[in-house]
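A look at the structure
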Amino acid sequence: MAKTILFSEMTPSKEWERRFHDWYDTEHIPIRMHAPGFERARRYREIGTDKCLAVYEMASPQAMRTPEYQKIKQQPSDETKWMLANVSGFTRYTGEQIGEQQRTGYAGDPYEAPVLYAVMFEVPSHREEEFNRWYEEDHVPTLLKNERWLACRRYRLDSGEPGNWTHLALHYLADIDVLQCEERTEARNSPWRARLAAEDWFKGLYMSFEHLRTFTAHTS
């Protein structure tokens, strides 16, 4: 199971959106799937915008330090150079998995869910221990009581731009409407969350994406 991720967003222009998707699907991701340590990549589009997200799963951070990956980064094709110079809204975060919880009894692969709900926080180091306990012991168990809330993976971010986020939660949902469910209302109204939310640092970034495609290692 991959324990390291690269979370990267880009927004193409409407004028060359098809060209962007062709490049992403036939060059940008497939070449990485041949690099040692890269195991899987899932592509998404933010609901209501043109922003695109790729979540790369790796065996360890070493995958981004191999000679093969460094060659990919340092010797891009002309098309890659053009794309990276012209996309907007670029983000790039890397992180190590610190938690994973799934809905009991779900028969399918929860990580192939149609909707990805991503939440980022900038947590002060002295509040990290309680933040993690709240998320794992109170918040996610309440959400998973809904049959359409399928799983949550949590990461400690070790690098990233442009924000200073330290924690990322990836929630895997059966549909976007589950964000309006009673269980989420219950989770957001818990006394434990209320105590944390009263602190100045407790401000999250919330994003919803539709799943487009999954790539696995050594495929193109």
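Residues numbered from 1 in each chain as written. Predicted model: local features only at pLDDT ≥ 70, side-chain atom pairs only at ≥ 80, totals over all residues. Heavy atoms only, no water.

1. Quick notes on the pairing of strand β1 (residues 4-11)
Here is the key point about a regular strand: its side chains alternate between the two faces of the sheet. The buried count for β1 comes to eight of eight residues, which makes it a mostly enclosed element. Of the two faces of β1, the one carrying T4, L6, S8 and M10 and the one carrying I5, F7, E9 and T11 are both buried. Inspection of the sheet shows β1 paired to strand β3 (residues 52-58) by seven bridges, in the antiparallel sense. If you follow M10 over to β3, its bridge partner there is C52. Bridging between β1 and strand β4 (residues 88-102) involves seven bridges; their strand directions are antiparallel. Each residue of the ladder has a partner; that of S8, found in β4, is R92. (Buried < 20%, exposed > 50% of the residue type's maximum accessible area, 1.4 Å probe, protein only. Helix = DSSP H or I, 4+ residues; strand = E, 2+ residues; numbered from the N terminus. Pairing = 2+ DSSP bridges.)

2. Examining the pattern of salt bridges
Two side chains that carry opposite charge are able to pair once their charged atoms sit near each other. By the definition in use, this model includes 23 salt bridges. A salt bridge links R42 to E112; the shortest N-O distance between them is 2.7 Å. Linking R42 in strand β2 (residues 38-46) with E112 in the loop between β4 and β5 (115-121), this pair joins segments that are 70 residues apart in sequence. Using a relative accessible area of 34% as the deciding quantity, one classes E112 as partly exposed. (Salt bridge = Lys/Arg side-chain N within 4 Å of Asp/Glu carboxyl O.)

3. Focus on the state of the cysteines
Summed over all chains, the structure comprises zero disulfides. Lacking any disulfide linkage, C152 is separated from the closest cysteine sulfur, that of C181, by 14 Å. Owing to a relative accessible area of 1%, C152 belongs among the buried residues under this scheme. (Disulfide = S-S within 2.5 Å.)

4. Thoughts on the packing of helix α1 (residues 17-33) against helix α3 (residues 78-86)
At a minimum axis separation of 11 Å, α1 and α3 run at an interaxial angle of 130°. Classified by the angle their axes make, α1 and α3 are oblique. In this structure, α1 meets α3 at a crossing whose hand is left-handed. Side by side, α1 and α3 meet where R19, F20, W23 and E27 of the first sit next to E79, T80, W82, M83 and L84 of the second. Split into classes, the residues belonging to the contact of α1 with α3 amount to five nonpolar, one polar and three charged. (Axes fitted to C-alpha atoms, helices over the stretch in contact; angles between N-to-C directions. Parallel < 35°, antiparallel > 145°, perpendicular 65-115°, else oblique. Left-handed = near helix turned anticlockwise from the far one by under 90°. Contact = heavy atoms within 4.5 Å. Nonpolar A, V, L, I, M, F, W, Y, C, P; charged D, E, K, R; others polar.)

5. Some thoughts on the environment of W149
Assignment of secondary structure puts W149 in strand β6 (residues 149-161). Accessibility expressed as a relative area gives 1% for W149, which makes it buried. Those residues within four positions of W149 in sequence are excluded, and the remaining contacts are R103, Y117, L143, L144, H171, Y172, L173, V178, L179, C181 and R184. In terms of polar contacts, W149 uses its side chain to reach the side chain of H171, at 3.2 Å. (Polar contact = N/O pair within 3.5 Å; in protein donor to acceptor, adjacent residues only side chain to side chain.)

6. Concerning unusual backbone geometry
With an omega of 5°, the peptide bond between E161 and P162 qualifies as cis. Inspection of the secondary structure assignment puts P162 in the loop between β6 and β7 (167-173).

7. Quick word on the sheet that holds β3
Ordered in space as β1-β3-β2-β8-β5-β7-β6-β4, the eight strands form a closed barrel in which the pairing is antiparallel. Sheet twist, expressed as the mean angle between neighbouring strand axes with direction ignored, is 35°. With seven bridges connecting them, β6 and β7 associate as antiparallel partners. Within the sheet, the bridge partner assigned to W149 lies in β7 and is L173. Those strands touched by α1 are β1, β2, β3 and β8 (205-216), and its axis lies near 165° from that of β2.

8. Notes on the environment of T26
Along the polypeptide, T26 turns up in helix α1. Looking at T26, the relative accessible area reads 61%, which means it is exposed. Polar contacts involving the side chain of T26 include one to the main-chain carbonyl oxygen of D22, which spans 2.5 Å.

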